[in-house]
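Listed below, chain by chain, are the residues.
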Amino acid sequence: MATVHVLCACRLAFSCIWEMTPKAEIVSTRFTKSIINSKAPLTYAEAQLMMDDAGRKDPVTSSLRGLNSLAKILKQRRIQNGALTLASAEVRFHMDSETHDPIDLQTKELKETNSMVEEFMLLANISVAERIVDEFPECALLRRHPAPPPSNYDILVKAAKSKNIEIQVDSAKALAESLDRAAVPGTPPYLNTLLRILATRCMMQAIYFCSGMEPDTHHYGLATAIYTHFTSPIRR
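This part is about the pattern of salt bridges. Following the criterion strictly, the structure yields 7 salt bridges and no others. Between R144 and D216 there is a salt bridge, and its shortest N-O distance comes to 2.8 Å. Within this pair, whereas R144 is found in strand β6 (residues 141-144), its partner D216 is found in the segment after β7 (207-210), the two being separated by 72 residues in sequence. For R144, a relative accessible area of 10% translates into the label buried.

Further remarks concern unusual backbone geometry. One non-glycine residue with positive phi stands out, namely H100, at about 65 degrees. With respect to the secondary-structure elements, H100 resides in the loop between β4 (91-95) and β5 (102-107). You can call H100 exposed: its relative accessible area is 55%. For N164, which is not glycine, the phi dihedral falls at a positive 60 degrees.

A separate point is the packing of aromatic side chains. To describe a pair of aromatic rings, you give the distance between the ring centres and the angle between the ring planes. Scanning the entire structure with this criterion turns up 1 aromatic pair. Above the plane of the ring of Y208 lies R143, whose end atom (NZ or CZ) is 4.5 Å from the centre.

Let us look at the environment of S162. Following the sequence through the fold, S162 ends up in the loop between α4 (154-161) and α5 (172-181). In this structure S162 comes out as exposed when scored by relative accessible area, which is 57%. Expressed as a C-alpha distance, the spacing of S162 and G212, which sit 50 residues apart in the sequence, is 45 Å.

A large share of strand β2 (residues 14-20) lies buried, amounting to 5 of its 7 residues. One ladder, built from 7 bridges, connects β2 with strand β3 (residues 26-33); its direction is antiparallel. Bridge pairing in β3 links W18 to T29.

Definitions and cut-offs
Residues numbered from 1 in each chain as written. Predicted model: local features only at pLDDT ≥ 70, side-chain atom pairs only at ≥ 80, totals over all residues. Heavy atoms only, no water. Salt bridge = Lys/Arg side-chain N within 4 Å of Asp/Glu carboxyl O. Helix = DSSP H or I, 4+ residues; strand = E, 2+ residues; numbered from the N terminus. Buried < 20%, exposed > 50% of the residue type's maximum accessible area, 1.4 Å probe, protein only. Phe/Tyr/Trp six-rings, centres within 6.5 Å; stacked < 30°, edge-to-face > 60°. Lys NZ or Arg CZ within 6 Å of the ring centre and 35° of its normal. Pairing = 2+ DSSP bridges.

Here is the structure:
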């Protein structure tokens, strides 16, 4: 089976390079200093337009489509493991130039390219976390997200129940699946967004810690056993 090489680098040009199958299965992982020869400086919107143009067959566009295909598999795998999708869309207010009162608002549209970059940044953080714990088992700097106590969900469960929606909070996966089902026929889709915002407020704060100080490394929101900040996902 053919494999592809995917690179993710931080600002200091230290790179995490994976060899992957077309099904996003990691064959090998390599960490190295690097010099990146950029083939095209693209915004998310520009990259999306290139991928959406069926007539484009150039190497950069083909690479983008390949990366996007892998990212979709990685995202679906995270969701199946119980990762939460809680972030709400960014909103930008348009202000009156004289009164400075808000006169309109615009919701930022997230494209597939946003998700594509995010997935590889998350994977890089997980891969680096695994490596630094192997190298420095007592002092690797990690980031964990504790599971909330059941009482934290009271406000969410009560709000959902008022609309005859049942929210399961036994696990991150149960919560994620409940939120995916949370809808009432005939009501605006914003209800689901509001419930996700409420769910965000139920979460515990993620914390940094050294691996030798805390045996529990699990990240509840991302549903991953280990995590750190080698690079910073665009959600932040």
